[in-house]
Amino acid sequence: MLFVVLCEDKPGALDVRMENRPRHVEFLKGLGPTLKLAGPFLGLDDKPVGSMLVLDAPSAEAAAEIAAGDPYALAGLFESVQVRRWNWTINNPDA
């Protein structure tokens with residue numbers, strides 16, 4: 001099952017994001033085929049203000065557990081995190 005993880009950064013937390021980015025990227029690479037896609041949301045100044053992940057996980061709880069292990073989450077970067085079930089309908093390479 002696919003789940004989208006929507007993360008909003010705390011205001012003024014760009015330094016936290018940048019300090020933890022190398023560990024975050026390594027964490028994502030380590031997820032292998034569990035991670036379908038990922039990337040940051042950008043503000044009007046083109047600087048990151050949040051993150052989106054699409055995870056292939058057995059449940060919303062499992063997806064939330066994966067997201068909680070992200071170095072960004074562990075560093076307290078996020079103001080909010082939502083996990084939502086998602087159906088990849090258009091341009092799904094696995095369809």
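The structure this text deals with has already been given above.
The notes below deal with the structure included here.

Here is what the cut-offs are and how they apply
Residues numbered from 1 in each chain as written. Predicted model: local features only at pLDDT ≥ 70, side-chain atom pairs only at ≥ 80, totals over all residues. Heavy atoms only, no water. Core = buried A, V, L, I, M, F, W, Y, C linked by side-chain atoms within 4.5 Å. Buried < 20%, exposed > 50% of the residue type's maximum accessible area, 1.4 Å probe, protein only. Helix = DSSP H or I, 4+ residues; strand = E, 2+ residues; numbered from the N terminus. Contact = heavy atoms within 4.5 Å. Salt bridge = Lys/Arg side-chain N within 4 Å of Asp/Glu carboxyl O. Pairing = 2+ DSSP bridges.

Things to note about the nonpolar core
Here is step 1 of the chain: Counting residues in hydrophobic clusters, the biggest one holds 15 residues, and the most contacted among them are Val5, Leu35, Leu53 and Leu55.
Here is step 2 of the chain: Secondary structure elements with two or more residues in this core: β1 (2–9), β3 (48–56) and α2 (60–68).
Here is step 3 of the chain: If one sorts the elements of this core by residue count, β1 sits on top with 3 residues.
Here is step 4 of the chain: Other than its neighbours up to four places away in sequence, Val5 contacts Ser51, Met52, Leu53, Leu55, Ala67, Val81, Gln82 and Val83.

So, the pattern of salt bridges
Here is step 1 of the chain: Evaluated as defined, the whole model comprises 2 salt bridges.
Here is step 2 of the chain: Across the salt bridge formed by Arg17 and Asp9, the nearest N and O atoms sit 2.8 Å from each other. Of the two residues, Arg17 and Asp9, neither departs from the other in class, the shared state being buried.
Here is step 3 of the chain: Salt-bridge contacts for Lys36 lead to Asp94; the nearest nitrogen and oxygen are separated by 3.2 Å. Here Lys36, found in strand β2 (residues 35–42), pairs with Asp94, found in the segment after β4 (78–86); they are 58 residues apart in sequence, far enough to count as distant.
Here is step 4 of the chain: On the basis of relative accessibility, which here comes to 29%, the residue Lys36 falls in the partly exposed class.

Describing the pairing of β1
Here is step 1 of the chain: With 6 of its 8 residues buried, β1 lies for the most part within the structure.
Here is step 2 of the chain: Note that β1 and β3 share 7 bridges and pair antiparallel. Each residue of the ladder has a partner; that of Val5, found in β3, is Leu53.
Here is step 3 of the chain: Note: β1 against β4, 8 bridges, orientation antiparallel. Looking across to β4, one finds that Leu6 is bridged to Gln82.

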